[in-house]
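Each chain, written out:
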Amino acid sequence: MSLTTINLKPRVGTELKTDLKTLLSGSVSAEIRTLLVQRGVLIARGIEMNDEQQRAFTRTLGNLRLGAVKKEGEEGLMKVTFDKKENPTYAEFFPGTFFWHMDGTYEAIPPFATVLTPRVLSPSGGQTEFANNYAAYDDLPDSEKASLEKLQVVHTMQASQLPAIPDATVAQFALWHSYPVRTHPLVWRHQSGRKSLVLSTSASHIVGMHPAESHALLRRLTSWATQPQYVYQHTWQMNDLLIWDNTGTMHRVLPYDLDCGRRLHRFTLDGEETVASV
Ligand SMILES: [Fe+2]
């Protein structure tokens, strides 16, 4: 290990002590990828990065995602903001980010990881939270692991958006239904050998289970996985760099003033493996 690291919580989150030149050189990329999967979310502070540098850094970690189903942003750049002038295509999807989710569950191979930097901060609120779904799985009783490993879950864009937009228009429903519906195992056995819970608001229902029972189980598991010991809450400062493993965590943002212009710049890495069952 050449990077100096500080664990932020015992089960999730690590701060990297590094600088822009080292990050752009690619010399610590392999180490960052290893830490990412171990710790779920990594941050570095005081890293002044422009869009070009953020894109170049992201490329040191894997294949830059340009949008598997629909094109996302400008050469991989997604502006995370409610300001429709800044992001006319995707701003209407962001209300869903207030609920615990994984990104890209509508894809056969969900994105591996995301690199996020703030450009405009909210005056209050707007912290981003990350829950470690590897740790949450590891702590389940063995008998429950065995039964969960058999289950398959249907993920839909409607399920991920409706809690945030309960009064959706017909046009919004039509847009949501233009995205693929995917069925993934509830427990993912990663190529690394680790297992994680695949939980997200996009989880519509469990295949073959009564809807009431399915709803109760998904809610109970989400409550389990978002207990304080599994969650890191990030309070943004300018020049933060944050990377998370989308395949083994959930994330959400805490409420903030939607008119304040808060804006984060996001580059994402293509997924590298399908959601394999146990
Ligand atoms: Fe997200």
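Computed from a prediction, not measured in an experiment: that's the story for all the values here. Chains are numbered independently. Their residues run from 1 in the order of the written sequence. Where local features are concerned, this predicted model is filtered to residues with pLDDT of at least 70; where side-chain atom pairs are given and counted, the filter is 80 or more; whole-chain, interface and lining totals use all residues. Based on all heavy atoms of the structure, the side-chain values leave hydrogens and waters out of the count.

**Remarks on the overall build of the chain**
Alright, step 1. Of the regular secondary structure elements, the chain holds 8 helices and 15 strands.
Alright, step 2. By its C-alpha atoms, the chain is 55 × 45 × 30 Å across when sized along the principal axes.
Alright, step 3. The contacts of the chain with a sequence gap of at least 6 include a subset with a gap of at least 24, amounting to 82%.
Alright, step 4. Here the Shrake-Rupley method, with its probe set to 1.4 Å, supplies the accessible areas, and only the displayed protein chains count as covering residues. Working note: accessible area of the chain is about 12000 Å², and carbon and sulfur atoms make up 53% of it.
Alright, step 5. Under this rule, positive means Lys or Arg and negative means Asp or Glu; His and the chain ends count for nothing. Working definition for charges: the position is that of NZ of Lys, CZ of Arg, CG of Asp or CD of Glu. Considering the chain, the positive charge centre built from 28 side chains and the negative charge centre built from 29 side chains are found 2 Å apart. Helix and strand assignments come from DSSP, with helices taken as H or I runs of at least 4 residues and strands as E runs of at least 2, each series counted from the N terminus. Throughout, a contact is declared for two residues whenever any of their heavy atoms are within 4.5 Å.

**Considering the sheet that holds strand β12 (residues 231-234)**
Alright, step 1. On the basis of which strands lie adjacent, the open sheet formed by 3 strands has the order β12-β6-β14 and antiparallel pairing. The open sheet has two edge strands, β12 and β14 (249-253), and neither has a second partner. Taking each pair of neighbouring strands and ignoring which way they run, the sheet shows an average axis angle of 20°. A pair of strands is labelled paired if DSSP reports no fewer than 2 bridges between them. All axes are obtained by fitting lines to C-alpha atoms, using only the stretch in contact for helices, and the reported angles, taken between N-to-C directions, cover 0 to 180 degrees.

**As for the nonpolar core**
Alright, step 1. What makes a nonpolar core is a set of buried Ala, Val, Leu, Ile, Met, Phe, Trp, Tyr and Cys residues whose side-chain atoms join them at distances within 4.5 Å. Note on classification: 1.4 Å probe, protein chains only; a residue is buried when its accessible area is under 20% of the maximum for its type, exposed when over 50%, partly exposed between these limits. Counting 27 residues, the largest nonpolar core has Leu148, Leu197 and Leu199 as its most contacted members.
Alright, step 2. Among the elements of the structure, α4 (133-138), β9 (187-189), β11 (203-206) and α8 (211-225) are those that each provide at least two residues to this core.
Alright, step 3. Tallying contributions element by element places α8 first for this core, with 4 residues.
Alright, step 4. Membership of the second largest hydrophobic core comes to 24 residues, among which are Val80, Phe94, Phe130 and Tyr256.

**Things to note about helix α3 (residues 51-59)**
In an α-helix, one turn spans 3.6 residues, which is why side chains three or four residues apart end up on the same side.
Alright, step 1. Along α3, the positions that sit buried rather than exposed are Gln54, Arg55, Phe57 and Thr58. Relative to the axis of α3, the buried residues are bounded by an arc of 165° and lie together on one face.
Alright, step 2. Contacts made by the buried residues of α3 are with α1 (20-25), α2 (29-39), β5 (113-120), β13 (241-245) and β15 (263-269).
Alright, step 3. We call two N or O atoms a polar contact when they sit within 3.5 Å, provided that within protein one can donate a hydrogen and the other can accept it, with sequence-adjacent residues counted only if both atoms are side-chain atoms. Near the N-terminus of α3, the side chain that reaches the backbone nitrogen of Glu52, with its oxygen 3.1 Å away, is that of Asn50. Relevant arc is that of directions from the helix axis to the C-beta atoms, nothing else.

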